[in-house]
Amino acid sequence: MQFLWRSTSHFNLANLITMANITCGLLATYFITQNQFIVAVVLAWIGGAFDIFDGKVARKYGLSNEFGVQLDSFADFLSFVLVPTFFIFQGVYAHLTGLPLIITSIASIYYVISGLRRLIQFNINTDAGEVAKHFTGVPTPLGAILLWLVWLGSGFIGWIGVLALMILIGALLNSKVKIPHL
């Protein structure tokens, strides 16, 4: 069990917590495909909790490593970019056809690419164990929370409102907006 406490281990405690986040993201994706949105939301939020704890555990016990940085970004991409995008697509856009479906598909791809670009740029600019005082641009977990809120309001704003906000949030992921690191 020494591997849990070694920073060089790919299976240290912090990375295992990140893998739990990935598991939640994968399960949430499955439940979205089954139109079981409440279960998917609960799993996504549990994954978010794991995302908070993995970093805290890594810093507290000195378990940060380059593998963990990359693994965490993969988990963030799955849980905070793909899952909410699939959620919006299945929960709001699924009934669309023709040009509206094409437009919402392009917007969804834009959001996914924006999230991926943000995470790659973050990895390029970050060293293992480093924590900045602020983020430049909206971090993907906050982007996911904003998309969940958009979904909650989708009955009031319709698919066009959801589309506009999805594009706006996607743009904010790679903006120059300063967001304090909590």
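J.: Would you mind going over the confidence of the model for the protein chain with me for this structure?
T.: A low pLDDT score tells you not to read the predicted coordinates there in detail. Mean pLDDT over the protein chain works out to 92, with 95% of the residues at or above the 70 mark. When pLDDT is averaged over each helix and strand of the protein chain, the minimum, 84, is found for strand E1 (residues 134–136) and the maximum, 97, for helix H6 (residues 154–173).

J.: Mind showing me how you'd approach the side chain of Thr18 here?
T.: Here Thr18 lies in helix H1 (residues 13–33). Overall, Thr18 belongs to the buried group, its relative accessible area being 2%. Residues contacting Thr18, with those up to four places away along its chain left out, are Asp54, Leu71, Asp72 and Ala75.

J.: What am I meant to see in the environment of Ala107 here?
T.: With respect to the secondary-structure elements, Ala107 resides in helix H4 (residues 98–125). Along the sequence, Ala107 and Ile167 sit 60 residues apart, while their C-alpha atoms lie 6.2 Å from each other.

J.: Which parts of the structure should I look at to understand helix H5 (residues 140–152)?
T.: Counting along an α-helix, one turn takes 3.6 residues, and residues three or four places apart therefore face a common direction. Along its 13 residues, H5 runs 18 Å from first to last C-alpha, staying within 8% of the 18 Å computed at 1.5 Å per residue. Within H5 the residues assigned to the buried category are Thr140, Gly143, Ala144, Leu147, Trp148 and Val150. Along the axis of H5, the buried residues cluster in a sector spanning 160°; they form a single face. Among the structural elements, helix H2 (37–60), helix H3 (66–93), H4 and H6 are those in contact with the buried residues of H5.

J.: What exactly am I supposed to notice about the packing of H2 against H5 here?
T.: In a pair of packed helices, the angle between the axes and the distance between the axes together describe the arrangement. Two elements in contact, H2 and H5, have axes separated by 12 Å at closest approach and are oriented at 160°. Taken as axis vectors, H2 and H5 run roughly antiparallel relative to one another. Handedness of the H2/H5 crossing: left-handed. Contact with H2, carried on its side by Val41, Ala44, Trp45 and Asp51, involves Pro141, Ile145 and Trp148 of H5 and no other residues of that element. Considered class by class, the residues forming the contact of H2 with H5 number six nonpolar, no polar and one charged.

Criteria and cut-off values
- Residues numbered from 1 in each chain as written.
- Predicted model: local features only at pLDDT ≥ 70, side-chain atom pairs only at ≥ 80, totals over all residues.
- Heavy atoms only, no water.
- pLDDT = per-residue confidence, 0-100.
- Helix = DSSP H or I, 4+ residues; strand = E, 2+ residues; numbered from the N terminus.
- Buried < 20%, exposed > 50% of the residue type's maximum accessible area, 1.4 Å probe, protein only.
- Contact = heavy atoms within 4.5 Å.
- Expected span 1.5 Å × (residues − 1).
- Arc of directions from axis to C-beta.
- Axes fitted to C-alpha atoms, helices over the stretch in contact; angles between N-to-C directions.
- Parallel < 35°, antiparallel > 145°, perpendicular 65-115°, else oblique.
- Left-handed = near helix turned anticlockwise from the far one by under 90°.
- Nonpolar A, V, L, I, M, F, W, Y, C, P; charged D, E, K, R; others polar.

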